[in-house]
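Results of the structural survey
One letter stands for each residue in the lines below.
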Amino acid sequence: MKQFLLLLSLLALGVRAQVPEQSEAIMLQGFYWNSQTETGWQQLLDHVPALSSTFTHVWLPPSASAEGGGAVGGTNVGYHPRVWNDQTSCWGTASQLKALIAAFHEHGVQVLADVVVNHRAGYTSWGDFPLDDFGTYGSYQLTADHICSTDEMNTDPSAGSWYGKAKGAPDSGENWGGARDLDHTSVQVQNAVTAYLKWLRGDVGYDGFRYDFVKGFAAQYVGQYNREAQPTLSVGEYWDGSYDNVWAWIKNTGYASMAFDFPMKYAALNNGLARGNYAAMAWAEDNATWRPAGLIHHHQSAPYAVTFVDNHDTYRNSDKFGGYVEQAYAFLFSSAGIPCVFWPHWTQYGTTLARQAAVRRAAGLHAACQVEVTQRSTYYESLATGLRGTLITRIGAAAPTDVPAGYYLAASGTGWSMYLSDGTQGITAQPQARPAQVSLTGGRLSVQADGIRRITLYDAAGRQLHSVSAAHLTLSLPHGTYVLCIEGAAPQRLAW
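As a starting point, this report considers the structure included with it. Computed from a predicted model, the values in this text were never measured in an experiment. (Residues numbered from 1 in each chain as written. Predicted model: local features only at pLDDT ≥ 70, side-chain atom pairs only at ≥ 80, totals over all residues. Heavy atoms only, no water.)

1. Section: the overall build of the chain
Tallying secondary structure elements over the chain gives 11 helices and 26 strands in all. Taking 23 Å as the expected radius of gyration for a compact globule of 496 residues, we find that the chain reaches 23 Å, a close match to that expectation. Reported as C-alpha extents along the three principal axes, the dimensions of the chain are approximately 70 × 70 × 45 Å. Out of the 496 residues belonging to the chain, those deemed buried represent 58%. For the chain, long-range pairs separated by at least 24 residues make up 64% of all intrachain contacts whose partners lie at least 6 apart in sequence. Entry remark: accessible area of the chain is about 18300 Å², with carbon and sulfur atoms responsible for 50%. Taking the average location of the 31 positive side-chain charges in the chain and that of its 40 negative ones, the two points are 6 Å from each other. (Helix = DSSP H or I, 4+ residues; strand = E, 2+ residues; numbered from the N terminus. Rg over C-alpha atoms; globule rule 2.2 N^0.38 Å. Buried < 20%, exposed > 50% of the residue type's maximum accessible area, 1.4 Å probe, protein only. Contact = heavy atoms within 4.5 Å. Areas by Shrake-Rupley, 256 points an atom, 1.4 Å probe, with all protein chains shown as cover. Lys, Arg positive; Asp, Glu negative; His and termini not counted. Charge placed at Lys NZ, Arg CZ, Asp CG, Glu CD.)

Below, the structure is given as structure tokens:
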């Protein structure tokens, strides 16, 4: 046994990535603006089993105590955080949040925190921040010295006694007028944010991050924070319809984060599908092959795209998608990138969206899959190649209804249809088993498996240190070399 385990210790440790390769993930935005009484932690808990049959990831709203406060209610839905290490918010208590995350983990679903670190509200006035106490991850005190010198504190006379006291460097991104902009060039801010993110992972239990308003600070810091905190998946809200601008942000993170595909939303959906302008739904990759428009049109940027129809912001203004929602999701589920479903759409069209997601899964479409647009005049048609089959999708009233040779009708509705290749007929449309996610950072071992698995940890000498049947495991380990065995997977060597 000892020789066997010593042999296993020679195995290489798999790399955790904030941008999963060939990801078959399907995400849910589990809230909308002022949905606290519908999607608070207690309310979402009842939905976990049903959601897990379709979604691999769920994005929750900001959970830090924020301006407006209170266990239910609040004035800004959490986007002006006051106390980072207090996770009782307008969505529920910290204990309710941890119970919700644990329930999602039990069902094999990863949970993304909505991280707001560009700015924060003062505790009682403009610039008085509380001590950020993250336990074993450290304590940090931010002051006016860590607020950007270009913040309103130095230009707005209503700042009162705080006027002119912001002493940080000029903002490395765009200004946010509603709260104090943090100076991310400051080592103290960097250390505080890093500790916060590690604490969200290690203590609260989050798996990944959705970064709010990333235009507000330089992209390099998102890359730095991700390299330190090691989320399983990261996506930034770079709200911009320009492909070049969003792709530049991704590259400037060091390719350490995905981004929401705003170029796709505006080009393919708002200005294309919603207006019956099918030509706008496709862009030519390198002036050659027509692909679905957006980040997803190019093989280099597609794996970094999280596609969506609407979110909590766009849904309440003129950016809201104005066409047939089911057609829009037929486009998402047949394209590259990681599709993100919006909660109000799920509650209204859930049966249809679950079927579309099942078709995508049956074909094995993934974030980097090849998709060619074969028709973009009077209707839209695409051919997507997945890991387990191919998928033809047609959208538009003028689209033909005949079944293509070698395919069968897998799902359809008003103005849309999806056809799977015959070879996928016997493949289940249920979620496929996903590799366990493993990290060992600073002595903190985290294991997230796809459902209940036997997880056993040995030391380098072959002694069993821990064994449990669970979907999620977190342990604190001293310096050393270990062998981790997870049921259904190859052993992994871990060392720190």
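2. Description of the nonpolar core
A general tendency of soluble globular proteins is for nonpolar side chains to be buried together. If you look at the biggest cluster of nonpolar residues, it comprises 129 residues, and the most contacted ones within it are L200 and F331. If you tally residues by element for this core, the top one is helix α6 (residues 187-204), at nine residues. With sequence-adjacent residues up to four places away left out, L200 is seen in contact with Q87, A113, V115, G205, Y206 and F209. If you look at the next biggest cluster of nonpolar residues, it comprises 13 residues, including V438, L445, L457 and L477. (Core = buried A, V, L, I, M, F, W, Y, C linked by side-chain atoms within 4.5 Å.)

3. Looking at the packing of aromatic side chains
The full count for this structure, using the stated rule, is 23 aromatic pairs. Judged by centre distance (5.9 Å) and plane angle (65°), the ring pair of W247 and Y255 falls under edge-to-face. One aromatic cluster in this structure is built from F31, W41, W59, W91, W239, F260, F262, Y266 and F308. A cation over an aromatic ring shows up here: R120 above the ring of F129, its NZ or CZ 5.0 Å from the ring centre. (Phe/Tyr/Trp six-rings, centres within 6.5 Å; stacked < 30°, edge-to-face > 60°. Lys NZ or Arg CZ within 6 Å of the ring centre and 35° of its normal.)

4. What about the sheet that holds strand β17 (residues 370-376)?
One open sheet accounts for five strands, arranged β17-β18-β19-β21-β20; its pairing is antiparallel. Looking at strand neighbours, the two that pair on one side only are β17 and β20 (407-413), the edges of this open sheet. The mean angle between the axes of side-by-side strands here comes to 20°, regardless of whether they run parallel or antiparallel. Two strands pair when backbone bridges link them, and β17 and strand β18 (residues 380-385) are joined in this way by six bridges, in the antiparallel orientation. Note on β18: the bridge partner recorded for V373 is S382. Seen against the sheet, helix α11 (residues 343-363) touches β19 (390-395), β20 and β21 (416-421) and runs at an angle of roughly 30° to β21. (Pairing = 2+ DSSP bridges. Axes fitted to C-alpha atoms, helices over the stretch in contact; angles between N-to-C directions.)

5. Some remarks on the sheet that holds strand β5 (residues 110-115)
Read once around its circumference, the closed barrel built from eight strands follows the order β1-β2-β5-β10-β11-β12-β15-β16, with strand pairing classed as parallel. In this sheet, adjacent strand axes meet at a mean angle of 25° when their direction is disregarded. Note: strand β1 (residues 27-29) against strand β2 (residues 57-59), three bridges, orientation parallel. What sits directly across from L28, in β2, is V58. Relative to the sheet, α11 contacts β1 and β16 (338-342), its axis offset from that of β16 by approximately 150°.

6. So, unusual backbone geometry
The phi angle at Q22 is positive, at roughly 50°, despite the residue not being glycine. With respect to the helices and strands, the residue Q22 is situated in the loop between α1 (2-8) and β1. Of note, N287 is a non-glycine position whose phi angle comes to about 60°, a positive value. You can call N287 exposed: its relative accessible area is 77%.

7. Quick word on the state of the cysteines
Counted according to the given criterion, the structure contains zero disulfides. The thiol of C90 is not disulfide-bonded; the next cysteine sulfur, from C340, is found 19 Å away. Residue class for C90 comes out buried when judged on its relative accessible area of 7%. Residue C340 stays outside any disulfide, its sulfur separated by 17 Å from that of C369, the closest cysteine. For C340, a relative accessible area of 2% translates into the label buried. (Disulfide = S-S within 2.5 Å.)

8. Considering the pattern of salt bridges
Within this structure, the stated rule accounts for 15 salt bridges. Among the ionic pairs, E237 bridges to R210, the shortest N-O distance being 3.5 Å. Within this pair, whereas E237 is found in the loop between β11 (234-236) and α8 (243-252), its partner R210 is found in strand β10 (residues 208-211), the two being separated by 27 residues in sequence. There is no split in this pair, since E237 and R210 are both buried. Residue K215 pairs with D240 through a salt bridge whose shortest N-O separation is 3.1 Å. With K215 in the loop between β10 and α7 (219-229) and D240 in the loop between β11 and α8, the pair connects residues that are 25 residues apart, well separated along the chain. Given the relative accessible area of 15%, D240 is considered buried. Look at the salt bridges and you will find they share partners, linking D114, R210, D212 and E237 into a network. (Salt bridge = Lys/Arg side-chain N within 4 Å of Asp/Glu carboxyl O.)

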